[in-house]
Amino acid sequence: MTPRKKKPKGPEVEETLCCCEYLDRTGERSHLAACLCNCEDLDECCDRWLTCRTLTPGNLERIADTFKDRLRFPWPRGAVKIDISLLPPIILLPVFLHIAALHFLLAFIILISFPVLVLWYYYLTHRKKGQTLFFLSLGLFSLGYMYFVFLQEVVPRGHVGRSQVMILTCGLTLMLVALFWAKRDPGYLYCQMSNEKDLCQGSSNNNNNIISSRNGPGSANGLYRAAPSGTAAKSHVSGDACSLKEEPVGVTEDWCSKCRLVRPARAGHCRICGRCVKRLDHHCVWINSCVGEQNHQSFILALSLFLLTSVYGISLTLDTICKGKATIKALFYCPGVYSDYSSALSFTCVWYCAIVTSGMGYILLIQLLNISYNVTEREARIALRENSGRRLLCGMAVDTGQYSRGFLRNWIQFISLGSVTLQHSTEAIV
């Protein structure tokens, strides 16, 4: 008798999947054509609604999980899951802008309510400490859609030259390149407990208990203070030595019980990413990543290029639809712009860009002030919470007095981020 072939599992199944097949959340093989099959939870929900009975606990959550698992598009070697947070900006932004172009009162209501909805969603996701692609999708789609409206509605009027279109296109391209570099590794710390460079994520309860008993009582956020470091110090993690470079007097290291490592000075643990990052500044929802030592420069460059490109595009559009008026004056007073739908749509997009540019400009201003005082956003929040810093410039800047060496030296240090030879006071090798 010939032996029966074993049913492939795991990676073997993935290699045999066609473009419309996938492995569902239970590990079973499924097909996109069967997305409406085996919907027991949905059937039960509809049946209870029709019979006026209460839903069973967790019924809606199971329906939502099933919907998210089956929302996919064909791809080689298996259908790929679509993150549902990508869809709302793609659908809602064009609809809102086209409705706002119908009348200036509708534009006033929508342009006020839309940022409020975005801030509410940010508060909701930030409170749950969860990752979302909503803001990254909104930012990228806004850029693409504004560029599309510019080419379709503004350029054909003949007032914008080819060289101006090329300058705007180059600015947009450079900004996307800088954004791509800002999405790279922000400076994740790696575990020293294995020979491989595995990212330090999560922790086991047993290791945490052993470490906590070794280091003494810990704080509520899972951080354990090590001994203060002077000019040089040494730390051992599972027998591996961690040499620390020269640091300011009084700076201490932190033991992260979640990542199970000793963090160098100015490093922090991101509760959203679940990782420790060198010189952690903040977690930026617009790039869906942390801003740390390795990508802070690219983040500032992307913000600066965005502001320059956006202001240039706004000025070109206003010069076209509001001829003979200064840019600032045309933004607030452009008579007859709503008499033509094309002009109204362009003017609405200009105001949308102006609102977004103002928000990004404020973020860039805070970042530039923090760099000037050599303080990260995380350190500023901690200093305000512990009353160890002083507010400057109407509260926009916070000076901790710990790392600042003067305006020029602070900027030289920021420009040299990631350079081992020039980072003697802020970088430690873990």
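Provided above is the structure to which this section pertains.
Computed from a prediction, not measured in an experiment: that's the story for all the values here.

Definitions and cut-offs
- Residues numbered from 1 in each chain as written.
- Predicted model: local features only at pLDDT ≥ 70, side-chain atom pairs only at ≥ 80, totals over all residues.
- Heavy atoms only, no water.
- Helix = DSSP H or I, 4+ residues; strand = E, 2+ residues; numbered from the N terminus.
- Polar contact = N/O pair within 3.5 Å; in protein donor to acceptor, adjacent residues only side chain to side chain.
- Contact = heavy atoms within 4.5 Å.
- Salt bridge = Lys/Arg side-chain N within 4 Å of Asp/Glu carboxyl O.
- Buried < 20%, exposed > 50% of the residue type's maximum accessible area, 1.4 Å probe, protein only.
- Expected span 1.5 Å × (residues − 1).
- Patch = residues over 30% accessible without salt bridge, like charges linked within 9 Å, V, L, I, M, F, W, Y side chains within 5 Å.
- Areas by Shrake-Rupley, 256 points an atom, 1.4 Å probe, with all protein chains shown as cover.
- Lys, Arg positive; Asp, Glu negative; His and termini not counted.
- Charge placed at Lys NZ, Arg CZ, Asp CG, Glu CD.
- Axes fitted to C-alpha atoms, helices over the stretch in contact; angles between N-to-C directions.
- Parallel < 35°, antiparallel > 145°, perpendicular 65-115°, else oblique.
- Nonpolar A, V, L, I, M, F, W, Y, C, P; charged D, E, K, R; others polar.
- Core = buried A, V, L, I, M, F, W, Y, C linked by side-chain atoms within 4.5 Å.

Colleague: What exactly am I supposed to notice about the side chain of Ser85 here?
Modeller: Mapped onto the fold, Ser85 is located in the loop between strand 4 (80–81) and helix 4 (87–100). A distance of 2.7 Å separates a polar atom in the side chain of Ser85 from a polar atom in the side chain of Asp83. Only 3.2 Å separates the side chain of Ser85 from the backbone nitrogen of Leu133, close enough to count as a polar contact. With residues near it in sequence (within four places) discarded, Ser85 still touches Tyr121, Thr132, Leu133 and Phe134.

Colleague: Can you help me understand the pattern of salt bridges in this one?
Modeller: In a structure, side chains of opposite charge can pair up when their charged atoms sit close to one another. Scanning all chains against the criterion turns up six salt bridges. Note that Glu379 and Arg266 form a salt bridge whose closest N and O atoms lie 2.7 Å from each other. Remark: Arg266 occurs in the loop between strand 9 (261–263) and strand 10 (268–270) and Glu379 occurs in helix 12 (residues 377–385); sequence separation between them is 113 residues. This pair shows no difference in class: Glu379 is buried, exactly as Arg266 is. One salt bridge in this structure joins Arg390 and Asp399, with 3.2 Å as the shortest N-O distance. Residue classification places Asp399 among the buried positions, given a relative accessible area of 11%.

Colleague: Where do I start with helix 11 (residues 341–372) in this structure?
Modeller: Since the α-helix advances by 3.6 residues per turn, residues separated by three or four positions end up pointing in the same direction. When the terminal C-alpha atoms of helix 11 are compared, their 46 Å separation across 32 residues agrees well with the 46 Å that a helix rising 1.5 Å per residue should span. Following helix 11 by one or two positions, Asn374 has its phi on the positive side, about 55 degrees.

Colleague: Explain a positive patch on the surface to me, please; I cannot follow it from the model alone.
Modeller: Together, Lys258, Arg271, Arg381 and Arg385 line one region of the surface with positive charge. Take Lys258: it is sitting in the loop between strand 8 (252–256) and strand 9.

Colleague: Looking at this structure, how should I read the packing of helix 11 against helix 13 (residues 407–415)?
Modeller: Geometrically, a packed helix pair is captured by the angle between its two axes and the distance between the axes. As a packed pair, helix 11 and helix 13 sit with axes 8 Å apart at the nearest point and diverge in direction by 110 degrees. In terms of orientation, helix 11 and helix 13 fall into the roughly perpendicular class. In contact with Leu368, Ile371 and Ser372 of helix 11, helix 13 contributes Phe407, Asn410, Trp411 and Phe414. Of the residues contributing to the contact of helix 11 with helix 13, the split by class is five nonpolar, two polar and no charged.

Colleague: What is the right way to look at the nonpolar core in this model?
Modeller: Across soluble globular proteins, nonpolar side chains have a tendency to be buried as a group. Ranked by internal contacts, the top residues of the largest apolar core, which has 29 residues, are Leu97, Met146, Leu318 and Tyr352. Those elements giving two or more residues to this core turn out to be helix 4, helix 5 (104–128), helix 6 (134–154), helix 9 (296–321), helix 10 (327–332) and helix 11. In terms of nonpolar packing, the next biggest core, distinct from the first, is built from 21 residues, Ala302, Leu303, Phe306 and Leu307 among them.

Colleague: Teacher, can you tell me more about the side chain of Arg72 here?
Modeller: With respect to the element layout, Arg72 can be found in strand 3 (residues 72–73). Owing to a relative accessible area of 15%, Arg72 belongs among the buried residues under this scheme. Polar contacts involving the side chain of Arg72 include one to the main-chain carbonyl oxygen of Ala79, which spans 3.2 Å. Beyond its immediate stretch of four places on either side in the chain, Arg72 contacts Tyr22, Leu23, Leu32, Ala79, Val80, Lys81 and Ile82.

By themselves, these observations are geometric and do not establish any function.
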